Amino acid sequence: MGSEIKVVPMRVLVTGGSGLVGKAIEHVVQEEGGKLEGEEWIFLSSKDADLVDVGQTRAVFEKYRPTHVIHLAAKVGGLYLHMKENLHFLRDNIKINDNVLQTAHEMGVTKIVSCLSSCIFPDKTTYPIDETMIHNGPPHDSNFGYSHAKRMIDVQNRAYYQQYGHRYTAVIPTNVFGPYDNFSIENGHVLSALINKTYTAKKEGSPVNVCGSGAPRRQFIYSLDVGRLIVWVLREYEEIDPIILSVGEEEELSIKEAEDLIAKALDFTGKIQFDTTMSDGQMKKTASNAKLRRYRPNFTFTPLNEAIKMTCDWFVANSDIARTGRDHHQA
Ligand SMILES: NC(=O)c1ccc[n+]([C@@H]2O[C@H](COP(=O)([O-])OP(=O)(O)OC[C@H]3O[C@@H](n4cnc5c(N)ncnc54)[C@H](OP(=O)(O)O)[C@@H]3O)[C@@H](O)[C@H]2O)c1
C-alpha cells in the first residue's frame, strides 16, 4: 500500500488568456466542467505581463508557479502591418516564445501546449496540408517573420524533448472564430469581419460588400471546439509533434456560403455584392484532420450554422465591448 504516488492537481497558466481562443478555454474550464477538482486555472492578458520582457515573464511565472502551460500569446496583426513590420513580428514572437518556454522549463513545468497556425505552412505546397509539412519550404512572403517565429516553437519543443525529455507540444488550428474574436472590418478574421459588415449593413439598410469573388474556401472551426480540443491535448496527447485542429476537408466552406449563413443568422435580407476587383487571397489552404480523427474519431464539431448563429448573437449582444478596432490581427 504505502507506495501510492500522490498526484498533484494541475495549476494551468494560460498565456493569451484574454483573446479569442483563451476566452473559449476559460468557458470550457469554468462552464462545461473542463476543470477537475483541485485544479487551478489562471488566464493571463498582456496587462499581467508583457511576455516580450523576460523579467516580467519570470515574475508572472514566480507568482503563479504553474505545473502546466497553455501558450496562446502572440504578437499578431493584419496583413498590411505584417508586410510592413516582418522584423517586429519575428523578433517579438521569438522573444515571447523563448521567454515562455525557457521560463517554464526552468520552473519545472511538466507540459506545455503552444499554438501554431495553419498560415505558417509553406506557400508552395500540395493539399491537403498535414503536420509533417511545416518546415518543407518558405512560408508566404507577406508574414514570413511571424511564420518563422511560430515554426521555431516546433523546433524548440523537439530540442527540449531531446535534451530534457520534456513533453512540450503544439496545436495547429485552422480558421478560428467565435465570441471575443476581432470583428474589425479592415483587420479582423474573415468570418468575424463579415458578421460586423452584415450587421452594419442591416442597421443602415445598405448592401453588404464582400471583398473578392466569394469563391475561396476555408475550414472554419468554432473557438469552443478549439478550446475543448486544447484541454484534451493538455490532458491526453503525448506526442511532441504538433496536431492540426480542424474540421474535415469535406467541410471546407466558400466565403460566399459563409456569408449566406451569416445573413441568415442576422436575418439580413438585403443585397450581397462581391467586389471582384479586390484580391481573393489564397483560394484554399485545405488541411488534413486525419491525425485528430485517429485520436478522436467521435469528437463532434459544432455545426457551422449553429456556431455562426451563436457568434452573431454574441456580437449583437456585445457590440459595445467587441473588438472592432484596426489594431488586431488576421491569422
Ligand atoms: N484566431 C485564429 O484563427 C487562429 C488560428 C490559428 C492559430 N491561432 C493562434 O492562436 C493563438 C491565440 O490566438 P487568438 O486568435 O486567440 O488571438 P487574440 O484574440 O488576438 O489574442 C491574443 C492574446 O495574446 C495576448 N498578447 C499579445 N501580445 C502579448 C504580449 N506581448 N505579452 C502578453 N500577452 C500578449 C493578448 O493579450 P491582450 O488581450 O492583453 O492584448 C491576447 O490575450 C495565437 O498564438 C494565434 O497565433 C489563431
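This one's a predicted model, so the numbers in the text were calculated from it and none came from an experiment. (Residues numbered from 1 in each chain as written. Predicted model: local features only at pLDDT ≥ 70, side-chain atom pairs only at ≥ 80, totals over all residues. Heavy atoms only, no water.)

S.K.: Is there a simple way to explain the overall build of the protein in this structure?
M.R.: Scanning the protein for helices and strands turns up ten helices and twelve strands. Relative to the globule expectation of 20 Å for 331 residues, the C-alpha radius of gyration of the protein, 20 Å, shows essentially globular dimensions. Counting only residues that meet the buried cut, the protein has 52% of its 331 residues in that class. Excluding contacts between residues fewer than 6 apart, the proportion of contacts in the protein whose partners are at least 24 apart in sequence is 80%. For the protein, the accessible area works out to roughly 15,600 Å², and carbon and sulfur atoms hold 51% of it. In the protein, 37 positive and 42 negative side-chain charges are present, and the distance between their average locations comes to 2 Å. (Helix = DSSP H or I, 4+ residues; strand = E, 2+ residues; numbered from the N terminus. Rg over C-alpha atoms; globule rule 2.2 N^0.38 Å. Buried < 20%, exposed > 50% of the residue type's maximum accessible area, 1.4 Å probe, protein only. Contact = heavy atoms within 4.5 Å. Areas by Shrake-Rupley, 256 points an atom, 1.4 Å probe, with all protein chains shown as cover. Lys, Arg positive; Asp, Glu negative; His and termini not counted. Charge placed at Lys NZ, Arg CZ, Asp CG, Glu CD.)

S.K.: Would you mind going over the site of the ligand with me for this structure?
M.R.: Looking at the ligand, there are 31 residues lining it, with S18, S46, Y146, K150 and R323 nearest. Within the contact set of the ligand, an oxygen atom lies 2.8 Å away from a backbone nitrogen or oxygen of L72. Notes on the ligand: free accessible area 910 Å², of which the protein chains cover 90%. The class makeup of the residues in the shell around the ligand is 16 nonpolar, twelve polar and three charged. (Near = heavy atom within 4 Å. Polar contact = N/O pair within 3.5 Å; in protein donor to acceptor, adjacent residues only side chain to side chain. Nonpolar A, V, L, I, M, F, W, Y, C, P; charged D, E, K, R; others polar.)

S.K.: Explanation requested: the sheet that holds strand β5 (residues 167-173) in the structure shown.
M.R.: To summarise the sheet geometry, strands pair through backbone hydrogen bonds and adopt either a parallel or an antiparallel arrangement. Taken in spatial order, the six strands of this open sheet run β2-β1-β3-β4-β5-β10, and their pairing is parallel. One side of each edge strand has no neighbouring strand; the edge strands of this open sheet are β2 (40-43) and β10 (243-245). Between one strand axis and the next, the sheet turns through 20° on average, direction left out of account. Where strand β1 (residues 11-15) meets β2, four bridges bridge the pair, whose relative direction is parallel. In the strand pairing of β2, R11 is matched with E40. Along the sheet, helix α5 (residues 144-164) makes contact with β4 (111-115) and β5, crossing β5 at roughly 155°. (Pairing = 2+ DSSP bridges. Axes fitted to C-alpha atoms, helices over the stretch in contact; angles between N-to-C directions.)

S.K.: Sorry, what's going on with the pairing of β5 here?
M.R.: Put simply, side chains in a regular strand alternate between the two faces of the sheet. Most of β5 sits out of view: six of its seven residues are buried. Across five bridges, β4 lies against β5 in parallel orientation. Counted as the bridge partner of S114 is A170 from β5. Handedness of the crossover joining β4 and β5 through α5: right-handed. (Right-handed = clockwise from strand over helix to strand, strands pointing away.)

S.K.: I'm lost on unusual backbone geometry in this one. Help?
M.R.: Excluding glycine, a negative phi dihedral is what most residues carry, and trans is how most peptide bonds are arranged. Y127 connects to P128 through a cis peptide bond whose omega is 0°. Tracing the sequence through the fold places P128 in the loop between β4 and α5. With phi around 45°, R65 is a residue other than glycine that occupies positive phi space. Its location among the elements puts R65 in the loop between α2 (54-64) and β3 (68-71). One non-glycine residue, D267, lies in the positive phi region at around 55°.

S.K.: It is not clear to me how helix α10 (residues 304-317) should be interpreted in this structure. Could you clarify?
M.R.: For an α-helix the count is 3.6 residues per turn, leaving residues at separations of three or four pointing the same way. Its 14 residues place the ends of α10 20 Å apart at the C-alpha level, agreeing with the 20 Å of an ideal helix rising 1.5 Å per residue. Buried residues in α10 make contact with β6 (175-177), α6 (190-204), β9 (220-222), β11 (253-254) and α8 (255-265). (Expected span 1.5 Å × (residues − 1).)

S.K.: In this structure, what is going on with the environment of V226? I would like to understand it.
M.R.: Following the sequence through the fold, V226 ends up in helix α7 (residues 223-236). When the C-alpha positions of V226 and G108 are compared, they lie 26 Å apart, and in sequence the two are 118 residues distant.

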